[in-house]
Amino acid sequence: MEPTESSGTPHEAQTIEDLRRENEGLRRRVAELEVPARRYQALFEAGVISLQIYHDGYSAEANACWAGLWGVRPEEIHGNYSLLEDAQVVAGGLLPLVEAAFHRGEATRLPTIRYDPVELAGYGSARWVASALVPVKGTAGPREVIQLHLDVGELKHSEDELRAQKQRLEAAVVERTAELAEQLRISEEQQRAIAALSTPVLRVWRGILAVPLIGHLDPDRAARVLDVLLQSITDTSAQHVIIDVTGVPHIDAHAARHLRDTVRAAGLLGAQCMIVGISGRTARMLVECGLDFEGVPTFATLQEGLRRLLSGRPELA
């Protein structure tokens, strides 16, 4: 018989199984580590945020976004630039924060500063930046710190644009407010002019005033008529007032009461009133409402009222 190949001792079989399990565990661990590694690599290579890596305080790596931000070739400073010894960092009072990251492993944010790489590399572009220091903990060998830079110059530019836009808007609001105020002033002047035209008091003769009313006689207008008439009586010492309602299309009970109050108020100043232009419809309404004007002369037309008034004053005939 030919000899058969030995399958090994039980001890050897157990060793092979242990090695297989260990190998599987290592593969799983490598797969787990690959996830954050890929994430970091994507962030490093994306070119949307500036990343700089320090080994024991000295610059060791930087991505393309860092080079674009500062306008400096990263290899120019690697190995000979230390953030802990940067004169601009020291002058800005940021050294304690930097030391906290490098010496004590504390992640920290650095205040916004204007940094000029010309003092460092002899060329480049000054920027307003905010940054953060993130220590990489648990690494063997040199301690690593990652610095992230955010160009706030663009944000500042946006803020300036917003501020300028706000100022332009405020100026436009002020200008428009002034225009509206002027329009309101003109409108008020027009209203006063219209009110004056709607409540004219005419001096037709010495001691005689005429108040021709045209349009609807509402409470506001009636109040204006009364104010203007009383002032005119005082100013001219008038003894007679002719209130012409020919142009009033409809005199209701409220308008009639206003007229009666006007007549009474004028009488208190020594002026006798007569009302002309009373239509048959108005006369019927006054009777039905019991709003008679006892003691107040009334005439159908202005001519009749003037004729009666002048006939009673020989000196005017």
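In what follows, the structure referred to is the one given above.
Residues numbered from 1 in each chain as written. Predicted model: local features only at pLDDT ≥ 70, side-chain atom pairs only at ≥ 80, totals over all residues. Heavy atoms only, no water.

**So, the overall build of the chain**
For step 1, the next point in the chain: What the chain contains, in helices and strands, is 10 helices and 10 strands.
For step 2, the next point in the chain: The long-range share in the chain, meaning contacts at least 24 apart out of those at least 6 apart in sequence, stands at 55%.
For step 3, the next point in the chain: Carbon and sulfur atoms provide 56% of the accessible area of the chain, an area that totals close to 20,300 Å². (Helix = DSSP H or I, 4+ residues; strand = E, 2+ residues; numbered from the N terminus. Contact = heavy atoms within 4.5 Å. Areas by Shrake-Rupley, 256 points an atom, 1.4 Å probe, with all protein chains shown as cover.)

**Remarks on the layout of surface pockets**
For step 1, the next point in the chain: Of the volumes computed, that of the largest pocket is approximately 250 Å³.
For step 2, the next point in the chain: Lining the largest pocket are Tyr40, Leu43, Leu51, Ile53, Glu61, Val134, Pro135, Val136, Glu144, Ile146 and Leu148.
For step 3, the next point in the chain: Elements represented by at least two residues in the lining of the largest pocket include exactly helix H1 (10-45), strand S1 (50-55), strand S4 (127-136) and strand S5 (144-151).
For step 4, the next point in the chain: Residues that form the lining of the largest pocket fall into these classes: 9 nonpolar, no polar and 2 charged. (1 Å grid on protein atoms, 1.4 Å probe; cavity = no way out; pocket = protein on both sides within 12 Å on 5 of 7 lines; lining within 4 Å. Points joined across faces, edges and corners; volume = space filled by probe spheres on them. Nonpolar A, V, L, I, M, F, W, Y, C, P; charged D, E, K, R; others polar.)

**Some details on the sheet that holds strand S9 (residues 272-276)**
For step 1, the next point in the chain: Strand order in the open sheet formed by 5 strands is S6-S7-S8-S9-S10, and the pairing between neighbours is mixed. For this open sheet the edge positions go to strand S6 (202-205) and strand S10 (298-299), each flanked by a neighbour on one side alone.
For step 2, the next point in the chain: Bridge count for S6 against strand S7 (residues 208-214) is 3 bridges, and the pairing is antiparallel. Looking at the pairing, Leu202 lines up with Ala210 of S7.
For step 3, the next point in the chain: Strands S7 and strand S8 (240-247) of the sheet are contacted by helix H7 (residues 219-236), whose axis makes an angle of about 165° with S7. (Pairing = 2+ DSSP bridges. Axes fitted to C-alpha atoms, helices over the stretch in contact; angles between N-to-C directions.)

**Some words on the pairing of S9**
For step 1, the next point in the chain: Most of S9 sits out of view: 4 of its 5 residues are buried.
For step 2, the next point in the chain: After leaving S8, the chain enters helix H8 (residues 253-268) and then returns to the sheet as S9, a path that is right-handed.
For step 3, the next point in the chain: Bridge count between S9 and S10: 2 bridges; the pairing is parallel. From the neighbouring strand, Ile275 faces S10, where its bridge partner is Thr298. (Buried < 20%, exposed > 50% of the residue type's maximum accessible area, 1.4 Å probe, protein only. Right-handed = clockwise from strand over helix to strand, strands pointing away.)

**Some points on the sheet that holds strand S2 (residues 58-62)**
For step 1, the next point in the chain: Pairing is antiparallel in the open sheet, where 5 strands are placed in the order S2-S1-S5-S4-S3. With partners counted over all chains shown, the strands left at the sheet margins are S2 and strand S3 (108-115), one partner each. Between one strand axis and the next, the sheet turns by 30° as a mean value, whatever way the strands run.
For step 2, the next point in the chain: As defined by bridge partners, S1 adjoins S2 across 4 bridges and the pair is classed as antiparallel.

**Topic: helix H9 (residues 280-289)**
For step 1, the next point in the chain: All of the buried residues in H9 are Thr282, Met285 and Leu286. Within H9, the buried residues cover an arc of 100° as seen down the axis, which keeps them to one side. For H9, the exposed residues set more than 90 degrees away from the buried face come down to Gly280, Arg281, Arg284, Val287 and Glu288.
For step 2, the next point in the chain: Buried residues in H9 make contact with H8.
For step 3, the next point in the chain: At the exit of H9 stands Gly290, carrying a positive phi of roughly 70°. (Arc of directions from axis to C-beta.)

**Re the packing of H7 against H8**
For step 1, the next point in the chain: At a minimum axis separation of 10 Å, H7 and H8 run at an interaxial angle of 15°. Classified by the interaxial angle, the pair formed by H7 and H8 is roughly parallel. Crossing handedness for the pair H7 and H8: right-handed. Judged by residue contacts, Pro219, Ala222, Leu226, Leu229, Leu230 and Ile233 of H7 engage His258, Thr262, Ala265 and Ala266 from H8. (Parallel < 35°, antiparallel > 145°, perpendicular 65-115°, else oblique. Left-handed = near helix turned anticlockwise from the far one by under 90°.)

Any functional reading would require information beyond the geometric quantities listed.
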